[in-house]
Amino acid sequence: MNILSHTHPTKPPEKLEEHKALVKKYLQKIFQEKEIDLEKIIESFKLQDREFAKKLIFDAIVSHDEGKRNPAFQYLKMGNKDFKEAYEKMDVKSSKHSFLGAKMFFEKYIDEVASEVEDEEFYKKLFLLTTLCFIISKHHAKLDDFEKFVQKLKSKLQEEGSAYVEFELDFSYFDIETFIAIKLIYSLLISADYYATLEYMTDIKTESFGLLDIKKAKEEFEDFAIVRNIRAGDYEKEIDKLRSLMFLESQKSLDKSKNIFYLQAPTGAGKTLMSLNLALKLEPKKIFYIFPFNTLVEQTKEKIEEIFSSLDFAVINSITPIALDEENDPNLYEKTYLQRLFYHYELILTTHVNLFEILFGIGKEANFPLWQLYGSVIILDEIQSYDNNLWWYMVEFLNAYAKVLDLKIIIMSATLPKIDRLLEKKDEFVELLDSRKYFIHPLFKDRVEVDFSLLDRKIDFEILKEKVLEANKVLVEFIKKRSAREFYEYIKDLDGYEVYELSGDDNKLFRQKVIERTRMAEKIVIVATQVIEAGVDIDMELGLKDISTFDSDEQFLGRINRNALRKGRAYFFNYDKTEDIYRGDNRLDVNLQNKEVRDYFLQKDFGKCYEVVLKRLDEKKNKYSGLQTIKDKFIKLLQRLEYKEIYEKMQLIRSSGITIFFPYRLKIDEEFRGYFEREYIEDGYLDGEMIWQRLKELSAIENYAQKEIEKSKLWFYMQFFTFNLPFVKKLDRFSDECCGIYLFADFEEYIDEDYKFDRDKFMEEQNKKFGFL
């Protein structure tokens with residue numbers, strides 16, 4: 001009697017044994033290409049009987065579909081007439097197969113587990129068996145509700161009169177590494193299953209997973225002009241000499257036996273080139289370059305293209321379309337989507353949010369690329385931009401992920417918190433630079449003259465305007481959008497100056513236009529929010545900033561006299577309340593109002609500032625909440641495999657607001673038309689109504705891969721017409737809704753000639769409900 005696994009409209013049905021053979025083929029291929037050390041994964045389960053563990057893990061992945069033996073599945077889903085009689089005899093005619101497969105796997109191995117004579121080893125084997133059953137039960141679902149699964153398994157065993165119904169798990173032997181190992185096995189299972197199913201359904205055979213050609217990458221990197229000059233000791237400017245010294249010192253300090261490295265260097269030190277050099281020296285399977293903002297992704301993409309002529313790399317984020325190769329292939333959409341889904345690229349540029357989705361996400365799409373991290377290098381840029389209440393959890397996870405997945409991680413920033421101080425075993429991470437000697441070098445330390453005098457005065461706009469007039473190219477930053485808008489309105493007609501406002505609401509074309517004007521205009525003022533601090537490549541003479549946190553204030557200085565061609569100046573003032581923006585932040589009172597912090601700031605001794613913050617975080621984790629400390633509660637969540645709770649705890653973006661869409665016609669200047677496909681531009685305009693209509697038409701596309709690719713393209717265009725309302729739960733009136741986005745056809749009164757959004761006016765006219773988090 002044939003057991004079927006899949007059916008196809010034009011080819012014979014696939015037998016279960018054939019599907020298992022394909023799953024086994026792809027699992028072995030992943031292990032071989034990624035050189036995955038199963039012994040290292042097994043170490044996480046603390047078992048002595050390694051062969052037993054290997055057998056179980058391998059069999060759980062290959063045999064995960066055994067539940068398809070269910071007569072209802074065979075008869076109803078596969079149309080297998082051989083099972084008609086068995087189906088008709090069933091009391092509950094459910095065609096589900098995942099939980100049944102999990103129960104079958106438990107019954108297959110429980111006798112062998114029960115024969116273990118040592119108590120400790122027995123409980124570890126039982127835990128491994130049960131977690132593998134859990135993974136099998138979830139191979140078409142999210143990775144959550146472990147204890148609910150265990151209760152369901154027990155109920156089913158009791159119903160069938162099993163001798164093992166009373167089994168109890170002992171979680172005390174397990175830890176964060178076990179938590180990660182189980183997630184990795186889940187990733188391997190669903191991935192091997194996907195590749196195998198795709199091969200049968202479309203005849204697409206996955207030959208490679210995007211392994212980095214390290215030899216070619218090194219050759220191209222070493223042939224890059226700046227790298228050649230560094231190797232030859234050839235430099236014209238003093239700052240280039242400093243950059244070369246840092247490049248070579250960081251390389252010399254690289255200890256390949258360690259997993260995590262700090263690269264702290266001043267703004268303008270050339271961290272991109274340094275980090276790529278270090279990554280290549282570590283000879284990874286892939287390189288993941290992670291940024292806090294999409295603007296930084298775009299800038300680094302240009303640098304990657306400049307250095308590597310043949311590297312297969314991709315930008316993976318919410319606004320970059322999935323690129324299609326122009327070839328006549330009936331499976332083009334499936335192949336392209338497969339590449340994106342599984343990160344089949346040598347180098348990936350993406351964001352912190354996307355990385356956290358892979359590390360902590362519980363859905364299948366989040367977990368498909370997890371195994372691709374194995375043996376890779378992750379470059380983490382601007383780590384201080386994470387919510388510092390997550391730093392302790394984050395450092396524990398990074399440390400454990402590095403061990404289990406044989407990862408190397410380079411953490412870099414100008415203001416770098418040494419978060420390994422939060423680990424029990426400290427000084428695990430390697431500092432690649434004696435950064436203090438570079439920070440205090442006059443070219444970096446004295447690049448900008450800092451003035452704190454405005455901190456002792458009550459600030460009004462006239463005082464700030466007087467300071468603006470002291471230079472030709474001026475940047476003014478506020479921490480609130482409303483204040484930035486009000487000051488912009490106050491000085492927008494300033495005689496002799498071009499004046500621009502920049503905030504998170506502005507699209508990339510407007511931002512690019514403003515950046516270009518900073519290079520071309522003789523006299524220019526930019527009034528901005530904190531969007532200006534990182535990822536915006538401008539070089540101004542004078543800066544005025546409303547203080548926030550010390551590291552944000554230092555990031556701001558990176559926009560002043562960026563290329564050290566003159567003497568830059570910066571004034572700090574206090575206008576808006578920092579706690580309104582940084583609610584719950586542990587850096588709030590470690591700011592430039594404090595004269596001791598000012599001294600640290602001037603000496604670029606950010607470690608002294610972070611000492612206070614890290615001490616607070618250390619105290620927090622050991623603080624009691626009920627009968628347990630926060631640390632103990634966290635460990636319990638890990639041990640009990642509470643994947644959903646951990647995922648929710650590790651969210652970087654927590655606001656659950658609303659996105660609105662204004663279908664205006666956006667004028668596209670000639671120099672920016674290359675960003676867009678011709679079909680979207682009409683008479684020099686990008687039409688919002690056309691974009692909205694295309695969004696609504698997505699649902700008519702039946703091919704899933706094609707739909708996802710077209711969606712990624714539309715998401716790129718949507719960014720020019722959408723605005724986020726972070727704390728709004730409900731809108732009382734709107735014109736249309738699609739994909740959770742709300743259309744406002746009557747938008748003219750909320751958008752000015754520069755496509756600036758008047759939020760206050762919009763919200764005044766909405767009977768809104770706020771949901772503050």
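Conventions and cut-offs
- Residues numbered from 1 in each chain as written.
- Predicted model: local features only at pLDDT ≥ 70, side-chain atom pairs only at ≥ 80, totals over all residues.
- Heavy atoms only, no water.
- Helix = DSSP H or I, 4+ residues; strand = E, 2+ residues; numbered from the N terminus.
- Buried < 20%, exposed > 50% of the residue type's maximum accessible area, 1.4 Å probe, protein only.
- Contact = heavy atoms within 4.5 Å.
- Phe/Tyr/Trp six-rings, centres within 6.5 Å; stacked < 30°, edge-to-face > 60°.
- Lys NZ or Arg CZ within 6 Å of the ring centre and 35° of its normal.
- Salt bridge = Lys/Arg side-chain N within 4 Å of Asp/Glu carboxyl O.
- Axes fitted to C-alpha atoms, helices over the stretch in contact; angles between N-to-C directions.
- Parallel < 35°, antiparallel > 145°, perpendicular 65-115°, else oblique.
- Nonpolar A, V, L, I, M, F, W, Y, C, P; charged D, E, K, R; others polar.
- Pairing = 2+ DSSP bridges.
- Expected span 1.5 Å × (residues − 1).
- Bend = angle between axes of the 7 residues up to and from the residue.
- Core = buried A, V, L, I, M, F, W, Y, C linked by side-chain atoms within 4.5 Å.
- Left-handed = near helix turned anticlockwise from the far one by under 90°.
- Patch = residues over 30% accessible without salt bridge, like charges linked within 9 Å, V, L, I, M, F, W, Y side chains within 5 Å.
- Areas by Shrake-Rupley, 256 points an atom, 1.4 Å probe, with all protein chains shown as cover.
- Lys, Arg positive; Asp, Glu negative; His and termini not counted.
- Charge placed at Lys NZ, Arg CZ, Asp CG, Glu CD.
- Polar contact = N/O pair within 3.5 Å; in protein donor to acceptor, adjacent residues only side chain to side chain.
- pLDDT = per-residue confidence, 0-100.

(A) Geometry of the environment of Ile 190. Following the sequence through the fold, Ile 190 ends up in helix H9 (residues 176-202). A relative accessible area of 2% means that Ile 190 is categorised as buried. Between the C-alpha atom of Ile 190 and that of Lys 364, which follows or precedes it by 174 residues, the distance is 7.4 Å. Residues in contact with Ile 190, not counting those within four places in the same chain, are His 139, Lys 364, Asn 367 and Phe 368.

(B) Spotlight on the packing of aromatic side chains. In this structure the tally under the stated criterion is 74 aromatic pairs. Geometrically, the ring pair formed by Phe 601 and Phe 606 is edge-to-face, given 6.4 Å between the ring centres and 80 degrees between the ring planes. Here Phe 601 matches Phe 606 in class, with each residue buried. For the pair Phe 662 and Tyr 750, a centre-to-centre distance of 6.1 Å together with 25 degrees between the ring planes defines the contact as stacked. Taken together, the positions of Phe 662 in the loop between strand E18 (658-661) and strand E19 (665-667) and Tyr 750 in the loop between strand E25 (741-743) and helix H32 (759-764) put the pair 88 residues apart, joining distant regions of the chain. Aromatic rings pair up to connect Phe 661, Phe 662, Tyr 664, Trp 692, Phe 721, Phe 723, Phe 744, Phe 747, Tyr 750, Tyr 755, Phe 757 and Phe 762 into one cluster. Above the ring of Tyr 200, the side-chain terminus of Lys 11 is found at 5.0 Å from the ring centroid. Positioned over the ring face of Phe 167 is Lys 154, at 5.3 Å from the centre of the ring.

(C) Seen up close, the pattern of salt bridges. Inspection of every chain in the model, using the stated rule, returns 66 salt bridges. Here Glu 249 makes a salt bridge to Lys 437, at a shortest N to O gap of 3.2 Å. A residue pair is termed long-range when its members are at least 10 positions apart, and Glu 249 in helix H12 (residues 238-252) and Lys 437 in helix H19 (residues 436-439) qualify at 188 residues. The shortest N-O distance in the salt bridge between Lys 335 and Asp 329 comes to 2.8 Å. Given a relative accessible area of 16%, Asp 329 falls into the buried group. The network of salt bridges with shared partners includes Glu 17, Lys 20, Glu 66 and Arg 69.

(D) A look at the packing of helix H3 (residues 50-62) against helix H6 (residues 98-114). The geometry of H3 relative to H6 is characterised by a closest axis approach of 12 Å and an angle of 175 degrees between their N-to-C directions. Relative to H6, the element H3 lies roughly antiparallel. Each of Phe 52, Lys 55, Leu 56, Asp 59 and Ala 60 in H3 lies in contact with H6, whose residues at this interface are Phe 105, Lys 108, Tyr 109, Glu 112 and Val 113. For the contact of H3 with H6, a count of residues per class yields six nonpolar, no polar and four charged.

(E) Region of the structure containing the pairing of strand E3 (residues 260-264). Burial within E3 is extensive, with five of its five residues counted as buried. Residues of E3 alternate between two faces, with Ile 260, Tyr 262 and Gln 264 on one and Phe 261 and Leu 263 on the opposite face, all of them buried. Pairing analysis gives five bridges linking E3 to strand E8 (residues 408-413), with the strands arranged parallel. Bridge assignment links Leu 263 to a residue of E8, and that residue is Met 412. Pairing of E3 with strand E9 (residues 430-431) involves two bridges; the strand directions are parallel. Residue Phe 261 lies in a different strand from E9, and its bridge partner there is Val 430.

(F) Geometry of H6. Spanning 17 residues, H6 covers 24 Å between terminal C-alpha atoms, matching the ideal 24 Å at 1.5 Å per step. Where H6 bends most, at Lys 108, the angle is about 35 degrees. Each element contacted by the buried residues of H6 is listed here: H3, helix H7 (119-137) and helix H8 (146-159).

(G) Looking closely at unusual backbone geometry. The phi angle at Asp 406 is positive, at roughly 50 degrees, despite the residue not being glycine. Tracing the backbone shows Asp 406 in the loop between helix H18 (391-404) and E8. Given the relative accessible area of 32%, Asp 406 is considered partly exposed. The phi torsion at Leu 641 lies on the positive side, around 55 degrees, for a residue other than glycine. Summarising the element assignment, Leu 641 is placed in the loop between helix H28 (630-639) and helix H29 (643-649). By relative accessible area, Leu 641 is classed as buried at 1%.

(H) Main features of the nonpolar core. In this structure, Leu 380, Trp 391, Phe 397, Leu 405, Ile 411 and Phe 572 are the most contacted members of the largest nonpolar core, which totals 160 residues. Counting residues per element, this core draws most heavily on H9, which supplies 15 residues. Once residues lying within four places of it in the same chain are set aside, the contact partners of Phe 572 are Val 450, Asp 451, Phe 452, Leu 454, Leu 455, Lys 545, Ile 547, Asp 553, Phe 556, Leu 557, Leu 592 and Phe 601. Of all hydrophobic cores here, the second largest spans 44 residues; its members include Met 274, Ile 410, Leu 432 and Leu 433.

(I) Local environment of the pairing of strand E5 (residues 313-316). Along E5, one buried face is formed by Phe 313 and Val 315 and the opposite face, lined by Ala 314 and Ile 316, is buried too. Pairing of E5 with strand E6 (residues 347-351) involves four bridges; the strand directions are parallel. Opposite Ile 316, over in E6, you have Thr 350 as the bridge partner.

(J) The packing of H6 against H7, seen in detail. At their nearest, the axes of H6 and H7 sit 8 Å apart, and the two run at 165 degrees to each other. Compared by their axis directions, H6 and H7 come out roughly antiparallel. By crossing handedness, the relation of H6 to H7 is classed as right-handed. Here H6 contributes Ser 98, Phe 99, Gly 101, Ala 102, Phe 105, Phe 106, Tyr 109, Ile 110, Val 113 and Ala 114 to the contact with H7, which in turn contributes Phe 122, Lys 125, Leu 126, Leu 129, Thr 130, Leu 132, Cys 133, Ile 136 and Ser 137. In terms of residue class, the contact of H6 with H7 is built from 14 nonpolar, four polar and one charged.

(K) Spotlight on a negative patch on the surface. A surface patch of like charges, here negative, comprises Asp 746, Glu 748, Glu 749, Glu 764 and Glu 765. The residue Glu 764 is located in helix H32 in this model. The exposure class assigned to Glu 764 is exposed, which follows from its relative accessible area of 65%.

(L) Spatial organisation of the side chain of Lys 20. Structurally, the position occupied by Lys 20 is in helix H1 (residues 16-34). Setting aside residues no more than four positions away along its own chain, Lys 20 makes contact with Val 62, Ser 63 and Glu 66.

(M) Spotlight on the side chain of Glu 33. With respect to the secondary-structure elements, Glu 33 resides in helix H1. There is no salt bridge for the buried Glu 33, and the closest opposite charge comes from Lys 29, which lies 4.9 Å off by N-O distance. Within polar-contact distance, the side chain of Glu 33 engages the backbone nitrogen of Phe 209 at 3.0 Å. If we ignore the near neighbours within four places in the chain, the residues touching Glu 33 are Glu 207, Ser 208, Phe 209, Gly 210, Leu 211 and Lys 285.

(N) Seen up close, the environment of Glu 689. The topology assignment puts Glu 689 in helix H30 (residues 688-697). Residues Glu 689 and Tyr 664, spaced 25 residues apart in sequence, show a C-alpha to C-alpha distance of 7.1 Å.

(O) Representation of the confidence of the model for the protein within the structure. Looking at the protein, pLDDT values average 93 and 98% of them are 70 or higher. pLDDT under 50 marks residues 768-773. Its contacts with residues more than four places away, or in other chains, come to 17 contacts.

(P) Seen up close, helix H15 (residues 332-342). A large share of H15 lies buried, amounting to eight of its 11 residues. Among all positions in H15, only Leu 332, Glu 334, Thr 336, Tyr 337, Leu 338, Arg 340, Leu 341 and Phe 342 are buried. Against the buried residues of H15 lie H9, E5, helix H17 (364-367) and helix H31 (704-718). Where H15 ends, the next residue or the one after it, Tyr 343, has phi of about 55 degrees, a positive value.

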